[in-house]
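Spelled out from the first residue to the last, the chains are:
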Amino acid sequence: MKIAVLGSLNMDLVVEVDHLPRPGETVLGHGLARYPGGKGNNQAIAAARLGAEVHLFGRVGKDAFGDELLAVARDAGVDVSAVEQVDGEATGISMIMVGPNGQNMIAYAPGANGRVAEAYVTGALPRLAEADAILVQLEIPLSAVAALLHGLPPERPLVILDPAPAQDLTALPLRRVDFLTPNREEFAVLTGWSASGVTEAGRAGQALLDLGVRHLVVTADADGAFLVERGGATRFPAYPVEVVDATGAGDAFNAALAVKLAAGRGPYEAIGFANAVAALAVTRRGAVPALPTLAEVQAFLSRRRSPALG
Ligand code: RIB
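This text gives an overview of the structure that appears in the document. Owing to the predicted nature of the structure, the values given are computational and were not obtained by experimental measurement.

We now examine the overall build of the protein. Each helix and strand in the protein was counted, giving 9 helices and 14 strands. Its C-alpha atoms give the protein a radius of gyration of 18 Å, near enough to 19 Å, the size a compact globule of 310 residues would have. Taking the principal axes of its C-alpha atoms as reference, the protein extends roughly 50 × 50 × 40 Å. Considering the protein as a whole, with its 310 residues, one finds that 52% of them fall into the buried category. Contacts spanning at least 24 positions in sequence make up 69% of the contacts within the protein whose residues lie at least 6 apart.

Here you go:
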């Protein structure tokens, strides 16, 4: 199956800290690590490791980080022939702090990702439209995402939009989004949701369904994932694992969702599988290095029973 990913490629600069700082506070970090990342790149590599044929679309700088990111994605089996290296802009960077329970804080400098322009997307539309499913996030300009959604044929490919980082989505034609996949914080920004229960998620999510989104899936760390449908929500509990670093877990989830849906599976099976892939991703450090292979996911699932739905 073919998956296309339109999105960011970043170099992640990561410091582990004993606790995440409050505004104005300086905290002692433990070493500095550098990992390939970026939501688009992570989702592309995750899908490739799960066995999909993946084409990545985006922009990096003409610099050492850009070269390295392209080489890593290529080695993972991702077709990066459509990723452009642009003059005059550095490759995107994310500064990440990871706390003791694996939670993170991220500050993101888009650099060349900010040059993913409407014209680039329009030029890439014929290749993007060949995919069975498209993954897109918001670390590229919103106008580029709008160009994608406006330019695609009405029914195919299936579109999964990860609204991260969260921003106002009302300028987007959300009727062309098959799955919207905010995490808990993004869902709160989009809807004002502040509780954690499945009933409240169901209520808060109706507003996004009213905007035309076909399916809404909210990822909620240890609380698992919520599938919000007309009239209510279903909770898919997380697999209990030791969380080392949550960076990239949402990307692993989105990629796994795309792989199953593109293969014709239904949302329930796809979300259960995505929960397992995300669970494995949080047990390892870094974004790209933590993304599991299909064999690793199958071995994990053979050892665990899937948690009962709530
Ligand atoms: O979703 C995780 C990614 O988002 C990181 O790899 C980092 O680049 C951030 O922007």
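We are not done yet, so read on.
Two modes of strand pairing occur in sheets, parallel and antiparallel, and in both the strands are linked by backbone hydrogen bonds. Strand order in the open sheet formed by 4 strands is E3-E2-E7-E8, and the pairing between neighbours is mixed. Looking along the sheet, the strands with just one partner apiece sit at the ends: strand E3 (29–37) and strand E8 (104–109). Neighbouring strand axes in the sheet, compared pairwise and without regard to direction, differ in orientation by 20 degrees on average. Against the sheet, helix H2 (residues 64–75) contacts strand E2 (10–17), E3 and strand E7 (92–98), and its axis sits at roughly 65 degrees relative to E3.

Close to the ligand lie 13 residues; Asp-12, Lys-39, Ser-94, Glu-139 and Asp-251 are nearest. One of the side-chain N or O atoms of Asn-10 is found 3.0 Å from an oxygen atom in the ligand. One of the side-chain N or O atoms of Ser-94 is found 2.9 Å from an oxygen atom in the ligand. Burial of the ligand by the protein amounts to 96% of the accessible area it has alone, namely 280 Å². Class assignment of the residues belonging to the shell around the ligand gives a composition of 2 nonpolar, 7 polar and 4 charged.

Spatially, 8 strands are ordered E4-E1-E9-E10-E11-E12-E13-E14 in an open sheet, and the strand pairing comes out mixed. If you trace the sheet from one side to the other, it starts and ends with strand E4 (53–57) and strand E14 (232–236), each paired once. Summarising the sheet, strand E9 (residues 133–137) and strand E10 (residues 158–162) pair through 5 bridges and their orientation is parallel. Along E10, the bridge assignment pairs Ala-133 with Leu-158. Set on the sheet, helix H4 (residues 142–151) makes contact with strand E1 (2–6), E9 and E10; between it and E9 the angle comes to about 160 degrees. In the packing of helix H5 (residues 184–191) onto the sheet, contacts are made with E10, strand E11 (179–180) and strand E12 (215–219), and the angle to E12 comes to roughly 125 degrees.

Turning our attention to the pairing of E10. Side-chain direction in a regular strand flips from residue to residue, so the side chains alternate between the two faces of the sheet. With 5 of 5 residues buried, E10 lies mostly within the body of the structure. Neither face of E10 is open: one carries Leu-158, Ile-160 and Asp-162, the other Val-159 and Leu-161, and all of them are buried. After leaving E9, the chain enters H4 and then returns to the sheet as E10, a path that is right-handed. Here 2 bridges tie E10 to E11, and the two strands are oriented parallel to one another. Among the inter-strand pairings, Leu-161 is bridged to a residue of E11, identified as Leu-180.

Counting 55 residues, the largest nonpolar core has Ile-3, Val-54, Val-78 and Leu-257 as its most contacted members. Ranked by the residues each element gives to this core, the list is headed by helix H8 (residues 267–281), at 10 residues. Ignoring any residue separated from it by four or fewer positions in sequence, one finds Leu-257 in contact with Ile-160, Phe-179, Thr-181, Ala-270, Ile-271 and Ala-274. Core analysis: the second largest hydrophobic core is formed by 41 residues, Val-121, Val-177, Val-213 and Val-228 among them.

Time to look at the environment of Gly-224. Position of Gly-224 relative to the elements: it lies in the loop between E12 and strand E13 (225–229). On the basis of relative accessible area, Gly-224 is assigned to the buried category, the value being 3%. Between the C-alpha atoms of Gly-224 and Ala-276, which are 52 residues apart in sequence, the distance is 10.0 Å. In contact with Gly-224, other than residues within four places in its own chain, are Val-218, Thr-219, Phe-236, Pro-237, Ala-238 and Asn-275.

So, about the packing of helix H3 (residues 118–128) against H4. Helix-helix packing is described using two parameters, namely the angle between the two axes and the distance between the axes. For the pair H3 and H4, the least separation of the axes is 9 Å and the interaxial angle reads 35 degrees. Handedness of the crossing formed by H3 with H4: right-handed. Contacts between H3 and H4 pair Glu-118, Val-121, Leu-125 and Leu-128 from the former with Ser-143, Ala-144, Ala-147, Leu-148 and Gly-151 from the latter. The residue inventory of the contact of H3 with H4, partitioned by class, reads 6 nonpolar, 2 polar and 1 charged.

Criteria and cut-off values
Residues numbered from 1 in each chain as written. Predicted model: local features only at pLDDT ≥ 70, side-chain atom pairs only at ≥ 80, totals over all residues. Heavy atoms only, no water. Helix = DSSP H or I, 4+ residues; strand = E, 2+ residues; numbered from the N terminus. Rg over C-alpha atoms; globule rule 2.2 N^0.38 Å. Buried < 20%, exposed > 50% of the residue type's maximum accessible area, 1.4 Å probe, protein only. Contact = heavy atoms within 4.5 Å. Pairing = 2+ DSSP bridges. Axes fitted to C-alpha atoms, helices over the stretch in contact; angles between N-to-C directions. Near = heavy atom within 4 Å. Polar contact = N/O pair within 3.5 Å; in protein donor to acceptor, adjacent residues only side chain to side chain. Areas by Shrake-Rupley, 256 points an atom, 1.4 Å probe, with all protein chains shown as cover. Nonpolar A, V, L, I, M, F, W, Y, C, P; charged D, E, K, R; others polar. Right-handed = clockwise from strand over helix to strand, strands pointing away. Core = buried A, V, L, I, M, F, W, Y, C linked by side-chain atoms within 4.5 Å. Left-handed = near helix turned anticlockwise from the far one by under 90°.

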